[in-house]
Structure formats: C-alpha cells, structure tokens
Amino acid sequence: SQQGEEDPQALSIQEGENATMNCSYKTSINNLQWYRQNSGRGLVHLILIRSNEREKHSGRLRVTLDTSKKSSSLLITASRAADTASYFCATDDDMRFGAGTRLTVKP
Amino acid sequence: DTGVSQNPRHKITKRGQNVTFRCDPISEHNRLYWYRQTLGQGPEFLTYFQNEAQLEKSRLLSDRFSAERPKGSFSTLEIQRTEQGDSAMYLCASSSGLRRGNEQFFGPGTRLTVL
C-alpha cells in the first residue's frame, strides 16, 4: 500500500503563480521528503523535513509538516515553466511513493 | 563520476527471456534501493540493501525477481521468464547513513520492454 499520497493529481497554473500540492501519510514518521521528476528524467530530491520541524524553506520551495494531521504541503512560489514536472512525497518509514502531482506551468 | 549509474538504459526482450540490470551507486553510499515505475505512477518499492545484506523485499517482487549486491557495491536485478506486465522503468537509488529516510540519489533508470 502507498504511504505518501499526493493531491491534487494534476495542477495547471500560469508562470509566476504559486503552486501548492499536498501529501498525506498513514503512520508515524521520522522525516518526509519531496522529490521532482521531469518528463524523461530521473527523480531529484528537493527537500527533507523532519518530524520535529513544522516548516522548511529552500529557495522558492516551502514545505510544511503537520504530524497531527499526518500531512505535508509543498509550495512553489513564482513558478517557472521549468517547474513543470511530477512531484512526489515519500516518508522515511518505507520510502513508498504516491502517484504524484503532475504540475504544468504555462509560459 | 559522482552519480548513480544504471545499465543498460534500454532493454527490449521477448516474453519468457531472462534479463539482468546493473546499478552502480555513489561509492560511499551503503544503502541501495530498487524501484519499478510505470507510466503515470510513482515509483514502487521493490527491495533495498544495506551494504551486501538485502533487508527488505516487497510483495511485488515475485519469485521471478532476484536482486544481489555481492560486495556491497554494485547491484544486479534479474527478472526470469519475463512477462509483458514486467514492462516498466526500473530505478535504482542509493543513500548513506544508518537509518532509512536519508536523501536518495536516483539513477536514470533502465526501461524494459517485453514483447
């Protein structure tokens, strides 16, 4: 069974807008990670947030974690066409990925 | 070379044949993972190694699948008697540390097509 499950399944925005995607998980975790996969390319690690952290920033990325709700969100600010990709979350417990959120940023 | 490499990048085979894929992790990484990914889906965990020990296998990994990491460095994934349903991208990843959940570095994958 999947541990991390992302929503929405697909998101389409204009360049410059912000994009928010969410991840829910089932069991207690030590950390949660977000990955990006561009079309035809491998997965790239974006950011890791630990269970004792509530928010973390990396460039235009902002990740929040709510362990009471077993959920996380990834915010990409000032999106660019190059952000077009699938985004996945995975938890440390077993590194199982959901189906991802497919983000399309229109120029 | 500082990344994870996988060979071959593409493999086309006929149903019933055996195939073997290789993964070379980042040299200092002690953990190595195999995943399978089909179109529109996220990676599905298959198995992982800590050094040469195979610590977990997914129930997805039928008895036709076997993975090895004989010296704790490179790993091979073999699929025997391939079926059309085995067609997928096979991803390898490596990480360092004593615990699961550290950042994983993924290879480019091996795309398998079973005719």
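To keep things clear, this report deals only with the structure shown in the data block. Since the structure is predicted, the reported quantities are computational estimates derived from the model, not experimental observations.

**Side note on the sheet that holds strand 5 (residues 43–50) of chain A**
Residue and element names in this part refer to chain A.
Alright, step 1. An order of 2-10-9-4-5 is seen for the five strands of this open sheet, with the pairing classed as mixed. Edge strands, defined here as strands with exactly one partner in the open sheet, are strand 2 (10–14) and strand 5. The sheet shows a mean angle of 25° between the axes of neighbouring strands, taken without regard to direction.
Alright, step 2. The sheet contact formed by strand 4 (residues 31–37) and strand 9 (residues 85–91) spans six bridges and is antiparallel. Pairing of Leu-32 across the sheet is with Thr-91, part of strand 9.

**Brief notes about the pattern of salt bridges**
Alright, step 1. Counted under the stated rule, the structure contains seven salt bridges over all chains.
Alright, step 2. Where A:Lys26 meets A:Glu5, a salt bridge forms, and the shortest distance between an N and an O atom there is 3.2 Å. One end of the pair, A:Lys26, is in the loop between strand 3 (19–24) and strand 4; the other, A:Glu5, is in strand 1 (residues 5–7), with 21 residues separating them in the sequence.
Alright, step 3. Using a relative accessible area of 49% as the deciding quantity, one classes A:Lys26 as partly exposed.
Alright, step 4. Taking the relative accessible area as the measure of exposure, A:Glu5 reaches 38% and is therefore partly exposed.
Alright, step 5. In this structure, the salt-bridge partner of B:Glu44 is B:Arg36, at a minimum N-O distance of 3.7 Å.
Alright, step 6. Given a relative accessible area of 24%, B:Glu44 falls into the partly exposed group.
Alright, step 7. Here B:Arg36 falls in the buried class, since its relative accessible area comes to 12%.
Alright, step 8. In this structure, a network of salt bridges that share partners links the residues B:Arg64, B:Glu83 and B:Asp86.

**Observations concerning the state of the cysteines**
Residue and element names in this part refer to chain A.
Alright, step 1. Evaluated as defined, the whole model comprises two disulfides over all chains.
Alright, step 2. Through a disulfide, Cys-23 is tied to Cys-89; the S-S separation comes to 2.0 Å. As the torsion about the S-S bond is roughly 75°, the Cys-23-Cys-89 disulfide counts as right-handed. Within this pair, whereas Cys-23 is found in strand 3, its partner Cys-89 is found in strand 9, the two being separated by 66 residues in sequence.

**Thoughts on the interface of chain A and chain B**
Alright, step 1. Counting residues at the interface gives 18 residues for chain A and 18 residues for chain B.
Alright, step 2. Together, the buried faces of chain A and chain B total about 1500 Å²; carbon and sulfur atoms form 49% of this surface.
Alright, step 3. Counting every contact that joins chain A to chain B gives zero salt bridges.
Alright, step 4. Across the chain A-chain B interface, the total number found is two residue pairs in polar contact (both at pLDDT 80 or more).
Alright, step 5. At the level of elements, strand 4 and strand 5 of chain A are the ones that each hand at least two residues to the side of chain A that touches chain B.
Alright, step 6. Broken down by element, the residue count for the side of chain A that touches chain B peaks at four residues, all from strand 4 of chain A.
Alright, step 7. For the side of chain A that touches chain B, the residue count by class is seven nonpolar, seven polar and four charged.

Rules used throughout
In every chain, residue numbers begin from 1 and rise along the written sequence. All chains are assigned letters beginning with A, and all ligands numbers beginning with 1, in the order in which they are written. In keeping with the predicted nature of the model, local features appear solely for residues at pLDDT of at least 70, side-chain atom pairs appear and are counted solely at 80 or more, and the whole-chain, interface and lining totals rest on all residues. As a rule here, side-chain values come from all non-hydrogen atoms in the structure, and water together with hydrogens is ignored. One requirement defines pairing of two strands: DSSP has to find at least two bridges between them. Numbering goes from the N terminus for both helices and strands, where a helix is a DSSP run of H or I of at least four residues and a strand is a run of E of at least two. In this analysis an axis means a line fitted to C-alpha atoms, helices contributing only their contacting stretch, and an angle means the value between N-to-C directions, from 0 to 180 degrees. Definition used for salt bridges: Asp or Glu carboxyl oxygen within 4 Å of a side-chain nitrogen of Lys or Arg. Each residue gets one of three labels from its accessible area relative to the maximum for its type: buried under 20%, exposed over 50%, partly exposed in between, using a 1.4 Å probe on protein chains only. Cysteine sulfur atoms that pair up within 2.5 Å are treated as a disulfide. By the convention used here, residues are in contact when the closest approach between their heavy atoms is within 4.5 Å. Reported buried area values correspond to the accessible surface (1.4 Å probe) lost by two parts on association, with both partners' losses combined. The definition of a polar contact used here is a pair of N or O atoms within 3.5 Å, where within protein one atom must be able to donate a hydrogen and the other to accept one, and adjacent residues in sequence count solely through side-chain atom pairs. We call Asp, Glu, Lys and Arg charged. Ala, Val, Leu, Ile, Met, Phe, Trp, Tyr, Cys and Pro are nonpolar, and the rest, Gly among them, are polar.

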